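# Chains, contacts and geometry: an overview
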Amino acid sequence: MKKVTVLLSFISLLFIVSCSNKVYVYSSFHEPATEGLRYLWSKDGSHWDSIPGTWLKPEVGQQKVMRDPSIQPTPDGIYHLVWTSSWKGDRGFGYAESRDLYHWSQERFITVMTDTNTVNVWAPELFYDKTRKEMMIIWASCIPGKFPAGMEDPRNNHRLYYTTTKDFKHFSDTKLFYDPGFSCIDAMLVQLGKRKYVMVLKDNTREMRNIKVSFSSDPHGPWTPASKSFTGEYCEGPSVAKIKDGYLIYCDRYRKKDFGAFFTKDFRTFEDVSDQVSVPKEHKHGTIFMAPKRLVKVLLKRNSDK
């Protein structure tokens, strides 16, 4: 029994050391999104500083912009990046990979929508499915006439779609991911426990334009009906940071040109803590992930040496 206790204590110590060697990184961009990938970093997930400079200039897509950059590492140590490459006209998104967040591979354009009437592919979001050992890529697209428009313009009536891949070379057929009965964009997934997942998304209908959540026992769905909103209007691009006693959900308050933040332990009750966080001005929404301190230190140093 004593040996088991010592072993568990050692494992706990390793976990603490591992966590202490990592910091939060927030992928970002500046309008008009032509300059490329930017980063923020934080020790506590609440107070953010810029890592000056840009780290990958967009070169794919019709408009060659980089909006909504999503970064997710895989167990092999590779950071995968996807982004919105055009406002309209593209039927895919940009992709690149890196081992150090500094040197990126050659950019590729990944086509995912086969319907020629597709208006756009917006905000691709990465989620690593640990059970299936594969990456899910979820995005919003509008296909006029495919779903009841309600009060939306037919060319602004989005639903969520997804594909999966184990190597970013071979992809599953695109499938409808979520149809909540209204136009929705900007979905991101969080695993809360075994067979417990939450999706944070934007209701993009004209009378809403706010953030809601949905739950599932499998990242492929089915998903519950969307909750009531826990934010005000004109919020988009939600991202989640796991902190020691719960979660912080950030959203880009694009009319106010700042970020809102909401604390939750269960994704059912929420506390507005926007006045307790700080995000540098001009930054726009991406995703939050953990990275080794050493990589962030290198990024800061290399930028200062330029």
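This text follows the structure it describes.
Throughout what follows, the structure given in this document is the object of discussion. Small disclaimer: the values here were computed from a predicted structure and weren't measured.

Moving on, we come to the overall build of the protein. Summing up its helical and strand segments, the protein has two helices and 19 strands in all. For 306 residues, the compact-globule formula gives about 19 Å, and the C-alpha radius of gyration of the protein, at 19 Å, lands near that figure. Expressed as lengths along the three principal axes of its C-alpha atoms, the size of the protein is roughly 65 × 45 × 40 Å. Looking at the protein as a whole, 53% of its 306 residues qualify as buried. Once local pairs closer than 6 in sequence are excluded, the contacts in the protein between residues at least 24 apart make up 49%. When the accessible area of the protein is evaluated, it comes to approximately 15,000 Å², of which 54% is carbon and sulfur surface.

Let us now look at the side chain of S141. In this structure, S141 sits in strand β9 (residues 134-142). Overall, the relative accessible area of 1% leaves S141 in the buried class. Apart from the residues lying within four places of it in its own chain, the contact partners of S141 are M113, T118, N120, V121, N157, H158, R159 and Y161.

The next subject is the pattern of salt bridges. Inspection of the entire model under this criterion finds 10 salt bridges. Its salt-bridge partner being D179, residue R159 comes within 2.5 Å of it at the nearest N-O pair. Placement of the pair is R159 in strand β10 (residues 158-165) and D179 in the loop between β11 (175-178) and β12 (184-193), with a sequence separation of 20 residues. Looking at R159, the relative accessible area reads 2%, which means it is buried. The residue D252 makes a salt bridge to K284 at a minimum N-O spacing of 3.1 Å. Of this pair, D252 sits in strand β16 (residues 246-253) while K284 sits in the loop between β18 (271-272) and β19 (288-292), and the two are 32 residues apart along the sequence. The exposure classification of D252 matches that of K284, with both residues buried. Among the ionic contacts, a cluster of salt bridges with common partners joins D129, R132 and D218.

Okay, the nonpolar core next. Core analysis: the biggest nonpolar cluster contains 22 residues, and L37, Y39 and W104 have the highest contact counts within it. Sorting the residues of this core by element identifies β1 (22-28), β2 (38-42), β5 (79-84), β19 and α2 (293-305) as the ones contributing at least two each. Residues in contact with Y39, not counting those within four places in the same chain, are V25, Y26, D49, S50, I51, W55, I71, L101, W104, H283 and L299. Counting residues in each nonpolar core, the second largest holds 19 residues, with W122, F127, Y197 and M199 among its members.

One pass over the structure, following the stated rule, counts 19 aromatic pairs. Aromatic pair Y95 and F168: ring centres 4.4 Å apart, planes at 10°, arrangement stacked. With Y95 in strand β6 (residues 92-98) and F168 in the loop between β10 and β11, the pair connects residues that are 73 residues apart, well separated along the chain. Take Y95 and F168: they sit in the same class, and that class is buried. One aromatic cluster is present, built from ring pairs that chain together Y24, Y26, W48, Y250 and F259. Residue placement shows R255 over the ring face of Y234; its charged tip is 4.0 Å from the ring centre.

Conventions adopted
Residues numbered from 1 in each chain as written. Predicted model: local features only at pLDDT ≥ 70, side-chain atom pairs only at ≥ 80, totals over all residues. Heavy atoms only, no water. Helix = DSSP H or I, 4+ residues; strand = E, 2+ residues; numbered from the N terminus. Rg over C-alpha atoms; globule rule 2.2 N^0.38 Å. Buried < 20%, exposed > 50% of the residue type's maximum accessible area, 1.4 Å probe, protein only. Contact = heavy atoms within 4.5 Å. Areas by Shrake-Rupley, 256 points an atom, 1.4 Å probe, with all protein chains shown as cover. Salt bridge = Lys/Arg side-chain N within 4 Å of Asp/Glu carboxyl O. Core = buried A, V, L, I, M, F, W, Y, C linked by side-chain atoms within 4.5 Å. Phe/Tyr/Trp six-rings, centres within 6.5 Å; stacked < 30°, edge-to-face > 60°. Lys NZ or Arg CZ within 6 Å of the ring centre and 35° of its normal.

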